[in-house]
Amino acid sequence: MPTTLCSAKASYKKQPGTLELTDSLLIWTQEGKKTPAVRVQHPEASSLFCSKEGAAQVRLKLGLVNDEAGHNFTFTSPSAVAYAEREAFKQELTNIISRNRSAAPTPLPKPTPLSTPAKTPAPIPSTSRATSVSSDTRTPILSGIDAATDFRLRKKVLLSNPELLVLHKELVMSGQITESEFWDGREHLLLAEAAAEGQKRGRPGQLVDPRPQTVEGGEVKIVITPQLVHDIFDEFPVVAKAYNDNVPNKLSEAEFWKRYFQSKLFNAHRASIRSSATQHVVKDDPIFDKYLEKDDDELEPRRARNEVSDLYINIGATLEDHVETGNEKDVTMQAGRQRGALPLIRKFNEHSERLLNSALGEVPPAKRRRIDSGNDEDDDAYAQITLNDLRDSEAMSGITLQMQDRERYFEGQLARSASEQAGSEVVDVRAAFTELKHGFRGWETRFSQLRIDKRAGDAALDSMTQNVSARLDIRTRKTDFPPTLFRQLTTCQTAANEFLRQFWTSLYPPPTTTSSGATPSQSVAKAAKMAGYLSKTREKVEALVRAGQLEGVEPERVEVAMKPLLDAVDHALAFYRARSAKTSTLKTA
């Protein structure tokens, strides 16, 4: 009998069931069935993903050795219970994946021949400075995924962002910062890339409507591709039935499509009611005419829709059923007023319904509600219209504002409020209202005599126009720096900006779940390291000034271009020195 490690209520592919982890298997069984639909052996587990804390749905994704897509499970218990159950599964599965990785077979060394032993050359140390971060590249930046997947995500992000790739080469490959330091604060790029990979491409929303093309000689041609054939069969099942009944016994495939595009059946399947070139060649066909159906132009549609009784917004409620509110009848909403348009409208509606069904899957309408909604009626009603993608799952508490002389600030506020209260007078409401009423007398005459001076508006418009023109002139003006010098200036600024970002994030780490959990001592060491890099920025700018002089560029132009960067660096260094001095004073005391 297998030992059960943990168990929980969870849905899989929108079907409710039970998720269970034993000492050898991870199994999921659909509700009401005895045979498990998912069975995963422990050695098959390779990676683990979890939804963020505070997300609307508590999810867990298990990647397999031979299937990166793996299995996705949604815990359907109340939020607090579901989170605890997910954490129990996460802990057990993390241990299993760690054992799988440690037990992975390592390649055996090639056996040396037993004959005359050859001299083994001493290993040659690499001259590349990137070796200082080689071991760091194997550590996944995102928790819960294997190193190979994490490396692939980083590579795709860098290849899709050339500027980030150049910065990575200049800082990481040169050994100035490590791989984890570079990606610290950029985890959202990796998460976005992982989400893009996990998205399944949906069915195209365009209605199938092959358009004839007129070629030389006045002939009409329609290009038939396998995808077009698949779309026609999917959109019009009657064409698939006609194909199965007649090809290849009665008609060849080429003859079938030629006669279909000249038949009344194809003309009935057109996505428009306008005339076209093919309508002039439509003729009777003894084979395809058997599959024609009567136009669906009655008040009641031929195909009954699956009624969904539990809708928060009833789109069908625009019928004349609001007379009790006192509104007039909406005569424009009478169905069938233009009978000729009914078949086309219903065709569009059926196509839209098929698109929704392809996205929702083969699930009964009653099961398509959110499974993890609460018992409260208001919560259940709101859950039907809320979209998880539009909700911020991370509550940003912000960064604590560091103020000097807080007591003086609050004392000033209290003194100001006290003086305002002392100076305030008691207002007679009746007298104030009477005065206001007298002030409105004759407002029509005064308003008709109002004349606004146009000079103030014209001056404001001229000022805005000049501002826009100046901005546009700056953007369109090409830099007249030599290309080599301009590239060096850009490289220096980009590297310094990255050092500034690393410096400030080490002192004030963002309150996100994806940031690297560095200890206070590690943050202090990182800040000191970045401050050391920033202290060399002015030397680099001075070297660029000298390089510009050699190429005929005035030193003032280079200094003006780099002044904002130097100001930011000086501010960071001054803050670091003041903070360090304060810390050392506290230690001495």
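Throughout what follows, the structure given in this document is the object of discussion. (Residues numbered from 1 in each chain as written. Predicted model: local features only at pLDDT ≥ 70, side-chain atom pairs only at ≥ 80, totals over all residues. Heavy atoms only, no water.)

Assigned secondary structure in the protein consists of 19 helices and nine strands. Among the 589 residues that make up the protein, the fraction classed as buried is 26%. Restricting to contacts in the protein with at least 6 residues of sequence separation, those with at least 24 account for 60%. (Helix = DSSP H or I, 4+ residues; strand = E, 2+ residues; numbered from the N terminus. Buried < 20%, exposed > 50% of the residue type's maximum accessible area, 1.4 Å probe, protein only. Contact = heavy atoms within 4.5 Å.)

A cluster of nonpolar side chains, contributed by Phe433, Leu436, Phe440, Trp443, Phe447, Leu450 and Ile452, occupies part of the molecular surface with about 860 Å² of accessible area. If you list the elements that add at least two residues to the nonpolar patch, you get helix H13 (429-439) and helix H14 (443-448). Within the element layout of this structure, Leu436 appears in helix H13. You can call Leu436 partly exposed: its relative accessible area is 49%. (Patch = residues over 30% accessible without salt bridge, like charges linked within 9 Å, V, L, I, M, F, W, Y side chains within 5 Å. Areas by Shrake-Rupley, 256 points an atom, 1.4 Å probe, with all protein chains shown as cover. Salt bridge = Lys/Arg side-chain N within 4 Å of Asp/Glu carboxyl O.)

Next up on the list: the packing of helix H6 (residues 226-235) against helix H7 (residues 237-246). Between two packed helices, both the angle of their axes relative to each other and the distance between the axes serve to describe the pair. Orientation of H6 relative to H7, taken along the N-to-C sense of each, is 110°, at an axis distance of 5 Å. Here H6 lies roughly perpendicular to H7, going by the angle between them. Two secondary-structure elements touch here, H6 through Ile232, Phe233, Asp234 and Glu235 and H7 through Pro237, Val239, Ala240 and Tyr243. Tallied by class, residues from the contact of H6 with H7 come to six nonpolar, no polar and two charged. (Axes fitted to C-alpha atoms, helices over the stretch in contact; angles between N-to-C directions. Parallel < 35°, antiparallel > 145°, perpendicular 65-115°, else oblique. Nonpolar A, V, L, I, M, F, W, Y, C, P; charged D, E, K, R; others polar.)

A sheet is described by the order of its strands in space; here seven strands give the open sequence E4-E3-E2-E1-E7-E6-E5, paired in antiparallel fashion. Among the strands making up the open sheet, the edge pair consists of strand E4 (38-41) and strand E5 (45-50). Averaged over all adjacent pairs, the angle separating strand axes in this sheet is 30°, with direction ignored. When E5 meets strand E6 (residues 58-64), the two strands line up antiparallel, connected through five bridges. Bridge pairing in E6 places Ala45 opposite Leu64. (Pairing = 2+ DSSP bridges.)

This paragraph deals with helix H3 (residues 162-171). The α-helix winds at 3.6 residues per turn, so residues separated by three or four positions along the chain end up facing the same way. All buried positions along H3 are accounted for by Leu164, Leu167, His168 and Leu171. For H3, the arc enclosing every buried residue in end-on projection is 105°, short of the 170-degree limit, so these residues lie on one face. Of the exposed residues in H3, the ones pointing more than 90 degrees away from its buried face are Pro162 and Lys169. (Arc of directions from axis to C-beta.)

Let's shift gears to the nonpolar core. Judged by nonpolar contacts, the single largest core of 38 residues is most densely connected at Phe182, Phe503, Leu534 and Val558. Contributing elements (two or more residues each) for this core: helix H2 (147-160), H3, helix H4 (179-183), helix H16 (483-507), helix H17 (520-534), helix H18 (537-550) and helix H19 (555-588). Per-element accounting of this core gives the leading share, nine residues, to H16. Ignoring sequence-local partners within four residues, the contact set of Phe503 consists of Ala527, Met530, Ala531, Leu534, Ala572 and Tyr576. (Core = buried A, V, L, I, M, F, W, Y, C linked by side-chain atoms within 4.5 Å.)

A cis amide bond, omega 5°, links Val247 with the succeeding residue Pro248. Note on placement: Pro248 falls in the loop between H7 and helix H8 (253-260). The residue Lys13 is not glycine, and still its phi comes out positive at about 55°. Mapped onto the elements of the fold, Lys13 is located in the loop between strand E1 (4-12) and strand E2 (15-22). By relative accessible area, Lys13 is classed as exposed at 63%. One non-glycine residue, Lys14, lies in the positive phi region at around 65°.

It is worth spelling out a negative patch on the surface at this point. A cluster of like negative charges, contributed by Glu539, Glu542, Glu556 and Glu559, occupies part of the molecular surface. For the negative patch, the secondary-structure elements that each account for two or more residues are H18 and H19. On the basis of relative accessible area, Glu556 is assigned to the exposed category, the value being 51%. (Lys, Arg positive; Asp, Glu negative; His and termini not counted. Charge placed at Lys NZ, Arg CZ, Asp CG, Glu CD.)

To continue, consider H7. Burial in H7 covers these residues: Val239, Ala240, Ala242, Tyr243 and Asn246. The buried residues of H7 occupy an angular sector of 160° when projected down its axis, which confines them to one face. For H7, the exposed residues lying more than 90 degrees away from the buried face are Pro237 and Asn244.

The contact between H2 and H3 brings their axes to 5 Å, and the two run at 115°. Considered as vectors, H2 and H3 are oriented roughly perpendicular to each other. Residue-level inspection shows Val157, Leu158 and Ser160 of H2 in contact with H3, the latter providing Pro162, Leu164, Leu165 and His168. The residue inventory of the contact of H2 with H3, partitioned by class, reads five nonpolar, two polar and no charged.

Distances and angles like these do not, on their own, reveal function.
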